[in-house]
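Observations on the three-dimensional arrangement
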Amino acid sequence: MAFDRIFVLGAGAIGSAFGALLSRKFDVTLFGNKQHVETVKLHGLELSGDVDGVFYPEAELEINSLPPNTLLIVTTKVHRTFAALNSIKHLMHNELTILLLQNGLGNKEIARKAVGDKPNILRGITSAAAEFFQPGKVRFWFGKTLIENGFRSNEIAEMFNSCGLKTEISKDIKTEIWRKLVVNCVINPLTAIFCVKNFEIASDELKSVRHAIVDECLKVAEAEGVHLSKDLAEMIDSVLGNYTNYSSMCQDVMKGKPTEIDFINGKVVELGRKHGIPTPINQVLVNFIKFIESHGHEFCRKN
Ligand code: PAF
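What counts, and at which threshold
- Residues numbered from 1 in each chain as written.
- Predicted model: local features only at pLDDT ≥ 70, side-chain atom pairs only at ≥ 80, totals over all residues.
- Heavy atoms only, no water.
- Pairing = 2+ DSSP bridges.
- Helix = DSSP H or I, 4+ residues; strand = E, 2+ residues; numbered from the N terminus.
- Axes fitted to C-alpha atoms, helices over the stretch in contact; angles between N-to-C directions.
- Near = heavy atom within 4 Å.
- Polar contact = N/O pair within 3.5 Å; in protein donor to acceptor, adjacent residues only side chain to side chain.
- Nonpolar A, V, L, I, M, F, W, Y, C, P; charged D, E, K, R; others polar.
- Parallel < 35°, antiparallel > 145°, perpendicular 65-115°, else oblique.
- Left-handed = near helix turned anticlockwise from the far one by under 90°.
- Contact = heavy atoms within 4.5 Å.

1. Considerations on the sheet that holds strand β1 (residues 5-9)
- Read from one edge of the open sheet, eight strands run β5-β2-β1-β6-β7-β8-β11-β12, paired in mixed fashion. Unpaired on one side and paired on the other, β5 (58-60) and β12 (167-170) mark the two borders of the sheet. Ignoring strand direction, the axes of neighbouring strands in this sheet form an average angle of 25 degrees.
- Summarising the sheet, strand β6 (residues 70-74) and strand β7 (residues 96-101) pair through five bridges and their orientation is parallel.

What follows is the structure, encoded as structure tokens:
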């Protein structure tokens, strides 16, 4: 049995793209910022990139009710999770499923604290990429989505797949979250610092930096009981060239917005400290991004 409706909370780049594609078959409402919501209501949502077309999901500013049998997909920035979910805590019930489709580590714990015991919460990750520089317009690149194996995960995967969003259930979501975290630890800060598209950091000059980041992450993951493949750095090198988008962190920096650094490299530093594992390269990246955040978007003048 499919969900009766899908709500997307935090409909920025990735949330709007998933919502648009899911609206091909399902009743979807996007919840996002005012300008975006108004544009989508008036003109629909225009996707470009791997998909070209205009889609017509519903769009609203606020969630006022959560009817039974709703799938709530959370695509807010990870640092917005608690506030966004806590503000609708009073609407929660046990016929609600929440899918956290975000970057970062520790998201489910944050969501559980925000909403309490009632809803079913599932974690997902995606290698799809999206850019959002103008209300109502998103550029999208397909990727694979993994959802933790849990109550109603199969239904979500079927719904996603039926709309062209390649999705699988993962029996070991913890390892997958870490693998994605390491990818983000390499791509996101480097692209944001240099203000370049993902593929541009594949350059040979940055190889030793990329590998040093991964090396620290692998040691911390191991201490956390997560065994990632030793050739992850080479794997990342080999896929980087395929990403012709600006990473989400680079987009945040371009827009002068806070980034997810505390939940990406910052988490590796925090856990490294807990286990007595030095993480100097990740620490430097955190410091660079914090410096950029405190200076607004003067660093990145491309937009
Ligand atoms: O944060 C991002 O931008 C994305 O997670 C990814 C997959 C690195 C693509 O840019």
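Moving on, there is more to tell.
2. Remarks on the site of the ligand
- All residues in the neighbourhood of the ligand are listed as N103, A129, K180, N184, N188, N198, Y243, N245, S247 and S248.
- Within the side chain of N184, a nitrogen or oxygen atom sits 3.1 Å from an oxygen atom of the ligand.
- Within the side chain of N188, one N or O atom sits 3.1 Å away from an oxygen atom of the ligand.
- Considering every element that reaches the shell around the ligand, the biggest residue donor is helix α6 (residues 173-194), with three residues.
- A per-class count over the shell around the ligand returns two nonpolar, seven polar and one charged.

3. Notes on the packing of α6 against helix α7 (residues 207-223)
- Between α6 and α7, the shortest axis-to-axis distance is 10 Å and the interhelical angle comes to 150 degrees. Classified by the angle their axes make, α6 and α7 are roughly antiparallel. Between α6 and α7 lies a crossing whose hand is right-handed. Residues W178, V182, C185, V186 and L190 of α6 pack against V209, R210, I213, V214, C217, V220 and A221 of α7.
- Its residues placed into classes, the contact of α6 with α7 shows 11 nonpolar, no polar and one charged.

4. Details of the sheet that holds strand β9 (residues 129-134)
- Strand order in this open sheet of four strands is β4-β3-β10-β9, and the pairing throughout is mixed. Among the strands making up the open sheet, the edge pair consists of β4 (53-55) and β9. For this sheet the average axis-to-axis angle between neighbouring strands, irrespective of direction, equals 30 degrees.
- Sheet topology places strand β3 (residues 45-49) next to β4; three bridges connect them, and they run antiparallel. Bridging across to β4, L45 finds its partner in F55.
- The sheet contacts of helix α1 (residues 13-22) involve β3, β4, β9 and β10 (137-141), and relative to β10 the element is tilted by about 85 degrees.

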